[in-house]
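The primary structure of each chain is shown beneath.
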Amino acid sequence: MKKSVLFVLVVLMLALISTAAGAQYKDTLTWAQGSDVTSLDPHQGKETPAVQVTSQIFDTLVAVDPATNELFPQIAESWDIVDDLTYVFHIRQGIKFHDGTELTAEDVKFSLDRAIASSAVSYIVDFIDTVTVNDDYTVTIVTDAPYGPTLRNLAIPFAAIVPKHVVEADEQNFILNPVGSGPYTFVEWKQGDHVTLKAFDDYYAGKALTENLIMKVVPETSQRSIALETGEIDLAYDLAVNDLPKVRDNAALTAYEIPSLSCWYISMNMNKAPFDNALVREALSYAIDRQLLVDALNMGSGQPADAIIAPGVFGYYSTGVREYNPEKAKELLAEAGYPDGFSAKLWVNDNQSRIEMCQVIQAMLSEIGVEVSVDVMEFGAFIAATTNGEHDMAYFGWTTSSGDADYTYYSLEHSSQQGAAGNRTFIADPDVDALIEAGRSSNNADERLEIYKNLAIKLDEINNNLPIFYSSLNVGANAKVEGFVMDSNGYHPLNNVQVLQ
Amino acid sequence: MYKFVLKRLLQLIPVIIGVTFIVFFIMNLAPGDPAAIILGDQATAEALAMKREELGLNDPLLVRYFNYMKNLLRGDMGTSYKNNIPVWNQVIDRLPNTAILAVAGIFIALLFGIPIGILSAKKQYSLLDNISMVAALIGVSMPNFWSGLLLVMLFSLTLGWLPSQGMGSGGVIPVLRSIILPSLTLGINSMAMVARMTRSSMLEVIRQDYISTAQAKGLNDHVITTQHMLRNALIPIITAVGLQFGHLLGGAMLAETVFSWPGLGRLMVDSIKSRDIPMVLGCVVFMATMFSIVNLIVDIVYAFVDPRIKSMYKKGN
């Protein structure tokens, strides 16, 4: 009897001690993603799986807060916009690279010049004409033409600042052992398996909360959710939509979900009949039940789209999702001279969820007499053929990675960007061109919003692209994860995340 | 014998030339521009032109093939289109992982496959024979991405005994723990093959006169089974095992994907998707070499099992 009382007392005391000591956090956070890093060189690996890792290692001049979508100073502590073309950045003093050397204006110039010269990422910084070093902590950037999204583009992780002396000394070595100035230092990359990172003691904004990060490559989506359930990983990026309910229902797990910056849409080739006819394009838009597609195929994840830029993008204006009205669609077709409909091809690359989407759209279009055959192509062939304008209709996805409307409108709707650059409807409309040019050359945010509103209304009348839906991004997490905030590009920051023991 | 081995090794050269030639041209003639695939659908025309120049895609096809072979002779397999890292380093990095998995898979196949095959043959049409042959049929037919997931659900999710994915690191124990499920998944397939092959090959031998003679001499059953039956039945079994092992070394793509195993098969499939031609060629050269070497080893093992074959090798046939 005495013994058992003593035992209970000891247990109680131990319990008290452990609560008194406060919350204990794990020293390692493990996350899983579907693909491996393509390249650890931030000016080369622009694919999301690469940036999910490199954005922990490298910083940019300015950055975007994922929670508020506001710009904040990072390597540059402030900047002056001298005139329409000239930006002067003041570099924060005392920022250190992971090898202990100080980051100076020379590194900034070197990095931006390197990014401009890289075929992989130049499109994000090619608005820059010259980068000049004024002194150790001041850099002047002059643009080719007035360019509204300048700061947002410089905040994209591909515009990362790298150490000049390290890259120049041995570029091959830098690619394998990257050195940056971000919150985490690089430790190891075992290709196809994992990347290990360690918190950087001298990070300018304070050391990251969790000491070690491990990124594991787990290609199978179902395996990512299993590993989350078994506790082998703390975060699982991009769960399959059919695994989400299971994660939501599990008290030990949390499902994070936010709208992405990606839109899925059908491009109609305006160089081909009958898609050169505005009434036909409008008719097809009325024939698609977008809400049904989201509910049935995406299990309610995502939302119906009314523009090719997502609501989270600067410059988005809602024209309202086109109502589903097959009767109206038939009337429009008749008015256009196709009372009995017509037949056409819808091309899609060999991705199961995209193919399913196209098959349901095929059924919807057949309701109004438009007989569509869905042709599945391998990605390389799909891109090559649509670049050459051989398609009638094709199903695409596009992400506005800069978070600024110009990025998408210029590439997809400007007449100079036909083909490879992104304009695969081959639209060439002087009014649209004028609005896009006005939008990109203005530095005035309110003025730009007004321009993009007019552009959205105009495009809603032209219907060259049929926006279908905006996808969401999701992350499954152990419920013990604290401080995790998703980034709408998928570049989730991890320096303020910790995991309870 | 040495002459035989040397001759076989020399035969590797035309094999490598043939394989690289076919793969090089298929990869290059398939629709899709590697530059466009690497840069994605948001690339500008200038960037594409820049990338093509960078990758040397503007030279005529034959010139590129010739250059590739010239470099290959010097041991230079080029750098990956995707990340500029030398192909050699990346392939060498993955090779041991695939080899470990293949050896473990074959080990499981032999450990269970051969005894099951022997027992089934000796007790033909018995309940044991029927059960094990039906089980083998199921084992052969089960796609391993599915059997792998079932094993994960049982051993990782429900019982929590073994890791569900990845290759363990930091010591022998974590690696061993992580290899059990993937090698079992691969092993089930090969085991079934080996068991069926052992059974049919044993059945042929069992009816031979020398077995009756051995039994009439009053030799004990164990000696008859191992020394007389199994040894004579081994040749087809070795051939089957060699082929299985070759396949496993070529990278068991599906099992590697299910278990997030950083092996050669996954590397090659990923590279094909991204039109990373130097990487695909690198993988293919390695796989072809390994397959040829495994075949050579199989042929050498024949000689030890069957003296008639040994004497043939000696004559230089």
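Residue positions are given per chain, counting from 1 as you read along its sequence in written order. As they are written, the chains are lettered A onward and the ligands numbered 1 onward, keeping that order. The predicted origin of the model limits local features to residues at a pLDDT of at least 70 and limits the giving and counting of side-chain atom pairs to 80 or more, whereas totals for whole chains, interfaces and linings rest on all residues. For the side-chain quantities, the full set of heavy atoms in the structure was used; hydrogens and water were omitted.

Chemist: Would you mind going over the overall build of chain A in detail, with residue names and values included?
Modeler: Secondary structure summary: chain A contains 17 helices and 19 strands in total. Our radius of gyration looks at C-alpha atoms and nothing else; its globule reference is 2.2 Å times the residue count to the power 0.38. Taken against the 2.2 N^0.38 rule, which gives 23 Å for 501 residues, the C-alpha radius of gyration of chain A at 25 Å falls within 12% of a compact globule. Expressed as lengths along the three principal axes of its C-alpha atoms, the size of chain A is roughly 90 × 70 × 40 Å. Exposed residues in this analysis have more than 50% of their type's maximum accessible area, buried residues have under 20%, and partly exposed residues fall in between, with area computed by a 1.4 Å probe over protein chains only. In chain A, buried positions account for 55% of the 501 residues. Intrachain contacts of chain A at a sequence separation of at least 6 include 69% that bridge at least 24 residues. Residue-level accessible areas treat just the shown protein chains as cover; the underlying method is Shrake-Rupley with a 1.4 Å probe. Carbon and sulfur atoms make up 51% of the accessible area of chain A, which amounts to about 19200 Å² in all. Two residue types count as positive, namely Lys and Arg, and two as negative, namely Asp and Glu; His and chain ends fall outside the count. The location of each charge is read from NZ of Lys, CZ of Arg, CG of Asp or CD of Glu. Each charge sign in chain A was given a centre, from 31 positive and 69 negative side chains, and these centres are 7 Å apart. Secondary structure elements follow DSSP: runs of H or I no shorter than four residues count as helices, runs of E no shorter than two count as strands, and numbering proceeds from the N terminus. Contacts are assigned to residue pairs with any non-hydrogen atoms lying within 4.5 Å of each other.

Chemist: Tell me about the confidence of the model for chain B, residues and numbers included.
Modeler: Across chain B, the average pLDDT comes to 85, with 97% of residues at 70 or higher. Across the whole predicted complex the pTM is 0.81, and at the interface the ipTM reaches 0.78. Note on scores: pLDDT gives the predictor's confidence for each residue, bounded by 0 and 100.

Chemist: Account for the layout of surface pockets, naming residues and giving values.
Modeler: All names here are of chain A. Put simply, the second largest pocket is a space of about 990 Å³. Considering the residues around the second largest pocket, the lining is formed by 45 residues, among which Val64, Asp65, Pro66, Asp487 and Pro493 are closest to the centre. Elements that contribute at least two residues to the lining of the second largest pocket include exactly α2 (48-57), β2 (62-64) and β12 (253-268). Here the lining of the second largest pocket is built from residues that sort into 23 nonpolar, 17 polar and five charged. Computed over the protein atoms alone on a 1 Å grid, cavities are sets of points where a 1.4 Å probe fits but cannot get out and pockets are open sets with protein on both sides within 12 Å along at least five of seven lines; a residue lines them when it has an atom within 4 Å of a point. Grid points are joined across faces, edges and corners, and a volume is the space filled by probe spheres set on the points. Just so you know the grouping, Ala, Val, Leu, Ile, Met, Phe, Trp, Tyr, Cys and Pro go in nonpolar, Asp, Glu, Lys and Arg go in charged, and all remaining residues, Gly too, go in polar.

Chemist: Can you tell me about the packing of aromatic side chains, naming the residues and giving the values?
Modeler: Paired rings are identified among Phe, Tyr and Trp, the last through its six-membered ring, by centres lying within 6.5 Å, and are further divided according to the angle between planes into stacked (under 30 degrees), edge-to-face (over 60) and tilted (the rest). Tallied over the full model, the rule gives 25 aromatic pairs over all chains. When the ring of Phe275(A) is compared with that of Phe342(A), the centres are 5.9 Å apart and the planes differ by 80°; the resulting orientation is edge-to-face. Taken together, the residues Phe275(A) in the loop between β12 and α10 (278-286) and Phe342(A) in the loop between α12 (326-336) and β14 (343-349) connect sequence positions 67 residues apart. According to the relative accessible area criterion, Phe342(A) is buried, its value standing at 11%. The interplanar angle of 70° and the centroid separation of 5.6 Å between the aromatic rings of Phe24(B) and Phe25(B) together place this pair among those described as edge-to-face. Exposure remark for Phe25(B): the relative accessible area of 15% places this residue in the buried category. Ring pairs connect the aromatic residues Phe21(B), Phe24(B), Phe25(B), Tyr65(B) and Tyr68(B), which therefore count as one cluster. Consider the ring centre and the ring normal. A charge sits over the ring if Lys NZ or Arg CZ is within 6 Å of that centre and within 35 degrees of that normal. The residue whose ring lies beneath Arg322(A) is Tyr286(A), and the NZ or CZ to ring-centre distance is 5.1 Å. In this structure, Arg440(A) is placed above the aromatic ring of Tyr410(A), and the distance from its NZ or CZ to the ring centre is 3.7 Å.

Chemist: An account of helix α8 (residues 221-230) of chain A is needed here, citing residue identities and associated values.
Modeler: Side chains of residues three or four places apart in an α-helix project in the same direction, reflecting 3.6 residues per turn. Within the span of α8(A), buried status applies to Gln223(A), Arg224(A), Ser225(A), Ile226(A), Ala227(A) and Leu228(A). Taken from the residues just after α8(A), Gly231(A) is the one with a positive phi, measuring 85°.

Chemist: For the pattern of salt bridges, give the residues involved together with the corresponding values.
Modeler: Residues and elements named next belong to chain A. Within this document, salt bridges are pairs made up of a side-chain nitrogen of Lys or Arg and a carboxyl oxygen of Asp or Glu, the two lying within 4 Å of each other. Here the structure, examined in full by the defined rule, presents 21 salt bridges over all chains. With a closest N to O distance of 2.8 Å, Lys198 and Glu211 form a salt bridge. Here the residue Lys198 occupies a position in strand β9 (residues 194-199), and Glu211 occupies one in the loop between β9 and β10 (212-217), the gap between them amounting to 13 residues. With a shortest N-O distance of 2.9 Å, Arg322 and Asp460 are connected by a salt bridge. Here Asp460 lies in helix α17 (residues 445-462) and Arg322 lies in the loop between β13 (303-304) and α12, a separation of 138 residues in the sequence.

Chemist: Can you lay out the pairing of strand β15 (residues 371-377) of chain A for me, pointing to particular residues and giving the numbers?
Modeler: All names here are of chain A. The pairing criterion for strands is at least two bridges between them, as found by DSSP. Note: β14 against β15, seven bridges, orientation parallel. Its bridge partner being in β15, Ala344 is matched across the sheet by Val372. When the strands point away from the viewer and the connection leading from the first strand across the helix to the second strand turns clockwise, the crossover is called right-handed. Crossover handedness for the path β14 to helix α13 (residues 352-367) to β15: right-handed.

Chemist: Kindly report on the interface of chain A and chain B, identifying the contributing residues and their values.
Modeler: Note on interface size: it is often stated as the accessible area lost on association of the parts. The interface of chain A with chain B comprises 45 residues on the first partner and 42 residues on the second. Buried area between chain A and chain B, summed over both chains or domains, comes out near 3600 Å², and the portion from carbon and sulfur atoms is 52%. Linking chain A to chain B there are zero salt bridges. Elements that contribute at least two residues to the side of chain A that touches chain B include exactly α3 (105-117), α4 (122-125), α7 (171-176), β8 (184-190), β10, α8, α14 (379-387) and β16 (393-399) of chain A. Take the side of chain A that touches chain B: its biggest share by element is six residues, from α8(A). Of the residues assigned to the side of chain A that touches chain B, the class counts are 19 nonpolar, 16 polar and ten charged. Note on definitions: buried area is the accessible-area loss of two parts on being combined, 1.4 Å probe, summed for both.

Chemist: Describe the side chain of Ser80(B), and please don't skip the residues or the numbers.
Modeler: With respect to the helices and strands, Ser80(B) occurs in the loop between α4 (61-73) and α5 (87-122). In this structure, Ser80(B) is in contact with Ile85(B), Val87(B), Gln90(B), Asp276(B) and Met279(B), ignoring residues within four places of it in sequence.

Chemist: How would you explain the sheet that holds strand β4 (residues 76-81) of chain A if you had to name every residue and give the values?
Modeler: Residue and element names in this part refer to chain A. What the four strands build is an open sheet, ordered β4-β5-β7-β6; its pairing is antiparallel. Of all the strands in the sheet, the pair left with one neighbour each is β4 and β6 (128-135). With strand direction ignored, the average angle separating the axes of adjacent strands in the sheet is 20°. When strand β5 (residues 86-91) meets strand β7 (residues 138-143), the two strands line up antiparallel, connected through five bridges. Each bridged residue has a counterpart across the sheet, and for Tyr87 the counterpart in β7 is Ile141. Every axis corresponds to a line fitted to the C-alpha atoms, with the helix fit spanning only the stretch in contact, and the corresponding angles, defined between N-to-C directions, vary from 0 to 180 degrees.

Chemist: Explain a negative patch on the surface residue by residue, including any values.
Modeler: Each patch groups residues whose relative accessible area exceeds 30% and which form no salt bridge, using 9 Å between like charges and 5 Å between nonpolar side chains of Val, Leu, Ile, Met, Phe, Trp and Tyr. A cluster of like negative charges, contributed by Asp126(A), Asp129(A), Asp144(A) and Glu46(B), occupies part of the molecular surface. Take Asp129(A): it is sitting in strand β6. In this structure Asp129(A) comes out as partly exposed when scored by relative accessible area, which is 48%.

Chemist: Lay out empty space enclosed by the protein in plain terms, naming residues and giving numbers.
Modeler: Using the criterion set out here, one finds three cavities of 30 Å³ or more in the structure. Looking at the largest cavity, its volume works out to about 180 Å³. Contributing to the lining of the largest cavity are 18 residues, with Asp306(A), Ala307(A), Leu459(A), Asp460(A) and Pro467(A) lying nearest its centre. Secondary structure elements with two or more residues in the lining of the largest cavity: α15 (405-413), α17 and β17 (465-478) of chain A. Class assignment for the residues of the lining of the largest cavity results in eight nonpolar, five polar and five charged. Roughly 40 Å³ of volume is contained in the second largest cavity. Around the second largest cavity sit Pro163(B), Ser164(B), Gln165(B), Gly166(B), Arg177(B), Ser178(B), Leu181(B), Pro182(B), Phe259(B) and Trp261(B), which together line it.

Chemist: An account of the packing of helix α11 (residues 290-297) of chain A against α13(A) is needed here, citing residue identities and associated values.
Modeler: Residue and element names in this part refer to chain A. Packing of α11 against α13 leaves a shortest axis separation of 11 Å and a crossing angle of 140°. In terms of axis orientation, α11 runs oblique to α13. Here α11 runs over α13; the crossing is right-handed. Residues Leu292, Leu293 and Leu297 of α11 touch α13, and the partners they reach there are Glu356, Met357, Val360, Ile361 and Met364. A breakdown of the residues in the contact of α11 with α13 according to their chemical character gives seven nonpolar, no polar and one charged. For this classification, under 35 degrees means roughly parallel, over 145 means roughly antiparallel, 65 to 115 means roughly perpendicular, and everything else is oblique. Here is the rule for handedness: rotate from the far helix to the near one, and if that takes an anticlockwise turn smaller than a right angle the crossing is left-handed, while a clockwise turn gives right-handed.

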